[in-house]
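Here is what each chain is made of, one letter per residue.
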Amino acid sequence: MNTDVGDLDKTVVDPSGDRKFITALARGFEILRAFRPGCGALGNQELSAATGIPKATVSRLTHTLEELGYLRHLKAEGKYEPTEAILALGYSVISNLVVRQVAHDPMMELALQHDVSVGLASRDRLSLIFVDVCKSRLLSTLHLDVGSRVPMPTTAVGRAFLAGVTEDERAFFFERFKERLGSKDWADLRPRVEEAIAQVDERGYCYVEDEWHRGMRAVATPLVASDRSTVMSMMCGAPAFRVEREKLEHELGPRLAHLCEGLAPSLR
């Protein structure tokens with residue numbers, strides 16, 4: 001399947017009919033979201049193409065964000081890049097996330113003991129965004145860090161999240177996947193997503209290999225608050241040459257599920 005699953009998040013928000021929705025504010029955040037790791041500086045034309053916002057509007061938004069200190073104008077290139085000021089917005093969330101504080105030490109212990117990456121993630125539209133990542137220094141090939149986003153339907157951590165939500169919420173996500181991937185590609189992908197959900201129902205975690213990145217293996221489990229008000233997920237993975245499937249499925253998967261069961265009271 002050659003679908004660009006990483007593009008699923010475009011134009012997910014639909015404010016139609018919401019009189020309280022401030023479109024200008026939403027567009028400003030869309031400009032900031034357009035800057036992705038590794039993409040470098042972007043000009044107004046590129047930002048317009050990435051967001052679907054008219055270029056004339058983009059130019060006003062980038063000027064405003066520059067004045068507020070969130071964008072830096074590279075005059076020689078005629079482009080913009082985010083400034084360090086944006087970090088303050090995310091840091092307040094990370095620092096106050098109780099479950100992250102409680103989970104970090106056991107996640108790091110698991111990562112170092114078995115030379116794997118262990119990540120805690122939360123939903124970001126149709127993706128999962130990592131709020132904590134612990135990894136062995138040997139894993140230079142797995143580029144995950146706090147703030148990394150991965151697609152929901154093709155990753156273990158995303159499928160575990162889907163296993164943790166209600167049936168109605170899952171149906172909503174499935175409809176969005178179908179809209180953005182197209183009926184044919186979604187029909188091909190859906191059985192694998194449903195198989196992962198069935199694995200979580202049966203044993204508490206799912207296993208995924210060779211979907212998000214070739215040669216990568218991972219297990220993941222949902223982390224669900226007792227009142228189901230919050231759903232997150234946690235993954236444990238590594239390149240195939242570093243960890244055997246049997247170890248992931250029969251040792252690390254159960255440990256991950258047990259860890260998340262104990263962390264559930266920390267969610268709020």
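Keep in mind that what you see is a predicted model, and the values were worked out from it rather than measured.

Caption draft 1: Looking closely at the overall build of the chain. Regarding its fold elements, the chain presents nine helices and eight strands. Whereas a compact globule of 268 residues would reach a radius of gyration of roughly 18 Å, the chain reaches 19 Å, a difference of no more than 12%. Out of the 268 residues belonging to the chain, those deemed buried represent 44%. Counting only contacts in the chain whose residues sit at least 6 apart along the sequence, the fraction spanning at least 24 positions is 57%. If you sum the accessible surface of the chain, you get close to 14300 Å²; carbon and sulfur atoms cover 51% of it. A distance of 5 Å separates the average location of the 34 positive side-chain charges in the chain from that of its 38 negative side-chain charges.

Caption draft 2: The packing of aromatic side chains, seen in detail. According to the stated counting rule, one finds five aromatic pairs in the structure shown. Centroid distance F172 to F173: 5.6 Å. Interplanar angle 70 degrees. Geometry classified as edge-to-face. F172 sits in the partly exposed class, given a relative accessible area of 37%. On the accessibility criterion, F173 (4% relative accessible area) is buried. Ring centres 5.1 Å apart and planes at 65 degrees place the aromatic pair F174 and W186 in the edge-to-face group. In this pair, F174 sits in helix 7 (residues 167–181) while W186 sits in helix 8 (residues 183–203), placing the two residues 12 residues apart along the sequence. Neither residue differs from the other here; F174 and W186 are each classed as buried. Aromatic rings pair up to connect F161, F172 and F173 into one cluster.

Caption draft 3: Representation of a nonpolar patch on the surface in the model. Residues I22, L25 and F29 make up a contiguous nonpolar surface patch of roughly 310 Å² in combined accessible area. Checked against the element boundaries, F29 lands in helix 1 (residues 23–33).

Caption draft 4: Here's a closer look at the pairing of strand 1 (residues 71–74). Relative to strand 2 (residues 79–82), strand 1 is paired through four bridges, and the arrangement is antiparallel. Bridge pairing links L74 to K79 in strand 2. The hairpin formed by strand 1 and strand 2 contains four residues between the paired strands, and G78 there has a positive phi angle of roughly 70 degrees.

Caption draft 5: Molecular detail of the packing of helix 7 against helix 8. Relative orientation of the contacting elements helix 7 and helix 8 amounts to 150 degrees, with a least axis distance of 8 Å. Pair helix 7 / helix 8 crosses with right-handed handedness. Contact residues: helix 7 offers R170, F174, F177, K178 and L181, while helix 8 offers S183, D185, W186, L189, R190, V193, E194 and I197. Of the residues contributing to the contact of helix 7 with helix 8, the split by class is seven nonpolar, one polar and five charged.

Caption draft 6: Representation of the layout of surface pockets. One number sums up the size of the largest pocket: a volume of about 1500 Å³. Taken together, 34 residues form the lining of the largest pocket, with F35, I86, I129, G147 and R149 sitting closest to its centre. Looking at the lining of the largest pocket, the elements with two or more residues in it are helix 1, helix 4 (86–95), strand 3 (117–124), strand 4 (127–135) and strand 5 (149–151). Here the lining of the largest pocket takes seven residues from helix 4, the largest share from any one element. Of the residues assigned to the lining of the largest pocket, the class counts are 18 nonpolar, nine polar and seven charged.

Caption draft 7: Up close: unusual backbone geometry. Of note in the backbone geometry, D115 takes a positive phi value of approximately 55 degrees without being a glycine. Residue placement: D115 occurs in the loop between helix 5 (98–114) and strand 3. For R228, which is not a glycine, the phi torsion comes out positive at approximately 65 degrees. Considering the arrangement of structural elements, one finds R228 in the loop between strand 7 (216–224) and strand 8 (231–239). For R228, a relative accessible area of 44% puts it in the partly exposed group.

What counts as what
- Residues numbered from 1 in each chain as written.
- Predicted model: local features only at pLDDT ≥ 70, side-chain atom pairs only at ≥ 80, totals over all residues.
- Heavy atoms only, no water.
- Helix = DSSP H or I, 4+ residues; strand = E, 2+ residues; numbered from the N terminus.
- Rg over C-alpha atoms; globule rule 2.2 N^0.38 Å.
- Buried < 20%, exposed > 50% of the residue type's maximum accessible area, 1.4 Å probe, protein only.
- Contact = heavy atoms within 4.5 Å.
- Areas by Shrake-Rupley, 256 points an atom, 1.4 Å probe, with all protein chains shown as cover.
- Lys, Arg positive; Asp, Glu negative; His and termini not counted.
- Charge placed at Lys NZ, Arg CZ, Asp CG, Glu CD.
- Phe/Tyr/Trp six-rings, centres within 6.5 Å; stacked < 30°, edge-to-face > 60°.
- Patch = residues over 30% accessible without salt bridge, like charges linked within 9 Å, V, L, I, M, F, W, Y side chains within 5 Å.
- Salt bridge = Lys/Arg side-chain N within 4 Å of Asp/Glu carboxyl O.
- Pairing = 2+ DSSP bridges.
- Axes fitted to C-alpha atoms, helices over the stretch in contact; angles between N-to-C directions.
- Left-handed = near helix turned anticlockwise from the far one by under 90°.
- Nonpolar A, V, L, I, M, F, W, Y, C, P; charged D, E, K, R; others polar.
- 1 Å grid on protein atoms, 1.4 Å probe; cavity = no way out; pocket = protein on both sides within 12 Å on 5 of 7 lines; lining within 4 Å.
- Points joined across faces, edges and corners; volume = space filled by probe spheres on them.

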